[in-house]
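# Coordinate inspection notes
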Amino acid sequence: MCGIVGYIGGKAAAPLLLDGLKKLEYRGYDSAGIAVVNNGSIHAAKERGRLSALCSLTGDGKSISGHLGIGHTRWATHGEPNHVNAHPHISIGGMVALVHNGIIENYSELKQFLIKNGYSFVSETDSEVAAQLIDYYYKRQHDPVEAVRLAEKRFAGSYAMGIVFADREDEFIALRKDSPLIIGLGEGENFIASDVPALLKHTRRIIRLGERELAVIRKDGVTIFDKDSNTVKREPVMVTWDADSAEKGGYDHFMLKEIMEQPDAVRRTIAPRIQHGRVELGLKRITEAAIRSIERVYIVACGSSYHAGMVARYAIEKYARIPVTCELASEFRYIEPMIGSNTLVIIISQSGETLDTLFALREAKKRGAHVLSIVNVVGSSIAAESEDVLYTWAGPEIAVATTKAYSTQLVLMELLAVYLGRVRGHVDERLEGELISALSELPSIIEKLLEDQAGLKALAAESYMQRDIFFMGRNIDYALALEGSLKLKEISYIHSEAYAAGELKHGTISLIVPGTSVVAICTYAPLLDKMVSNIREVKARGASVIAIAAGEEHRGKTGANHEIILPGCADIALPCASVVPLQLFAYYTALMKGCDIDKPRNLAKSVTVE
Ligand code: AGP
């Protein structure tokens, strides 16, 4: 999704902005631009495509002088990805330049207003309308804060913005609602960015701008105002990520690096939550009394986070005996969810900024549910707006395809299921001890799975020319099949579908022809025999089957053409182990195909539009 960087200080702004934008490339974009204020004018450069094109155009920023500027990588929403629609957008007359993440929903109406007042437009974007509206008020008020606030009053939608003025070389404005924006505090220089990696090289002192807050950024200080123009005092937080953890660390791709980081990520997520042999989650607001009165759980998320929710559904129903419904966040608001004060809504989001998920959270709150979030990014919007939040300590995840964030979501949700089960009296001390030790073994199980990747590389080499690859499983393995299929299709572009294995014969089996590849996940021992029958069914139609089973005793028992045998482990630990070969299979298949693994086409890391 779009990225924002802004700078004011003693250094040349343009090279610094380009460097910051490079660190945000992982968010996905299709054009980029910068604007720098110098000697009473705004100097801008924009290019379609990769950032390298903009770097060539500007001699790595050296052709644009000035010490104050804003930069942007755009992921098209309004208007095609081209030079004209790229940000920054500059008002006619060149007084105001703006970068914007989000959507101004009422931009057509505002555009008509501005046209009536003599404005003309060059782009198809909502963001240009915002720049011109600010210009309209600046001409009347000649005060940047006033002008931005007056324009903002007329915006409907979501926005994170950096705004510069041609005649203000000593300050610029940052503003946000619904889309994330952070301020980085330096010595004699200050920054804004849509995400931390853009700033790590310069500062670790970060302030997250709150909802509808506006900041005036000067080189020697930052002033933040709330929506009622009161000054807000907020201490910066120290970001502890080392700069390396936001880089590739010697791997060819962030995705592989992040797959390899899973043992540590899982360990970090589990360890602080086990105290004296019990699961302790440290919930601050959702009390044990409230948990005992819960009658229904909704798990709401998108994409892989939704798949983690599907696994969690089995665990919560099994250990806590509460009915669970899993809903896609983009559908949740439109289903009239049956929510009351005895409903717990669990929101899962790696980024904590997915707009559909954020809106689902707000809907749940409006309807009076308890809202608990499982989030990776500290202080993100979803974390900030939840009644309680549990962080997955996966660290920064850069590859668009999630791996370590997904596996930490899984373990954290399993811990939550055990905790809910204990509080509600369904998990006794003995069972809790067994479940905890099964989960605690996971980091070393994953380490073992990552040691030898040759078998998966060989399978990828056999499969990468396939047009279609089907995944099937039952129970938790069905949820895993969905994740394995998503992982494969998003990075390798091979068409893939995932089915509950028993459902295949109700239609999809008509697509199985000689040579079709099927991945059969059969780690869940109680249903292994049923999976073996399903493997037979597809093999009888000529499919070539890769089976993933758990426990040496099952080797040679699946009837598949190839088998991947995981170490035997308790049901609660299985999903987190089974996903590892699925991730590696997707990774090596995409590698064989020569795909852009970390930045697959059309996808964004953080989806901040509906
Ligand atoms: C998975 O690899 C994708 N990146 C995607 O499905 C992702 O899980 C989804 O967009 C939800 O994102 P979130 O967890 O940040 O809310």
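Before reading further, recall that the structure is shown in the block above.
Our subject in this report is the structure included herewith.

Criteria and cut-off values
- Residues numbered from 1 in each chain as written.
- Predicted model: local features only at pLDDT ≥ 70, side-chain atom pairs only at ≥ 80, totals over all residues.
- Heavy atoms only, no water.
- Helix = DSSP H or I, 4+ residues; strand = E, 2+ residues; numbered from the N terminus.
- Rg over C-alpha atoms; globule rule 2.2 N^0.38 Å.
- Contact = heavy atoms within 4.5 Å.
- Areas by Shrake-Rupley, 256 points an atom, 1.4 Å probe, with all protein chains shown as cover.
- Phe/Tyr/Trp six-rings, centres within 6.5 Å; stacked < 30°, edge-to-face > 60°.
- Lys NZ or Arg CZ within 6 Å of the ring centre and 35° of its normal.
- Near = heavy atom within 4 Å.
- Polar contact = N/O pair within 3.5 Å; in protein donor to acceptor, adjacent residues only side chain to side chain.
- Nonpolar A, V, L, I, M, F, W, Y, C, P; charged D, E, K, R; others polar.

### Quick word on the overall build of the protein chain
Regarding its fold elements, the protein chain presents 19 helices and 27 strands. A compact globule built from 610 residues would reach a C-alpha radius of gyration of about 25 Å, and the protein chain, at 25 Å, matches this within 12%. Along the three orthogonal principal directions, the C-alpha set of the protein chain runs to about 75 × 55 × 45 Å. In the protein chain, 71% of the contacts between residues at least 6 apart in sequence involve partners at least 24 apart. For the protein chain, the computed accessible surface area is about 22,700 Å², with 50% contributed by carbon and sulfur atoms.

### Quick look at the packing of aromatic side chains
For the structure shown, the criterion picks out nine aromatic pairs. Taking 5.1 Å as the distance between ring centres and 75 degrees as the angle between the ring planes, the aromatic pair formed by Phe113 and Tyr136 counts as edge-to-face. Highlighted residues: Phe113 in helix 3 (residues 107-116) and Tyr136 in helix 4 (residues 126-141), separated in sequence by 23 residues. An aromatic cluster of three or more residues is present, and its members are Phe113, Tyr119, Tyr136 and Tyr137. A cation over a ring is seen here: Arg154 above Phe113, with NZ or CZ 4.0 Å from the ring centre.

### Notes on the environment of Leu200
Note that Leu200 resides in the loop between strand 10 (190-193) and strand 11 (205-208). Sequence spacing of Leu200 and Ile274 is 74 residues, and the spatial spacing of their C-alpha atoms is 32 Å.

### Thoughts on the site of the ligand
The ligand sits among 14 residues. The nearest are Ser305, Ser349, Ser351, Thr354 and Glu490. Ser351 places a side-chain nitrogen or oxygen 2.7 Å from an oxygen atom of the ligand. Contact distances for the ligand include 2.5 Å between an oxygen atom and a side-chain N or O atom of Thr354. Bound to the protein, the ligand loses 91% of the 410 Å² it would expose on its own. The set of elements that each furnish at least two residues to the shell around the ligand consists of helix 9 (303-320) and helix 17 (476-492). Classifying every residue of the shell around the ligand gives four nonpolar, eight polar and two charged.

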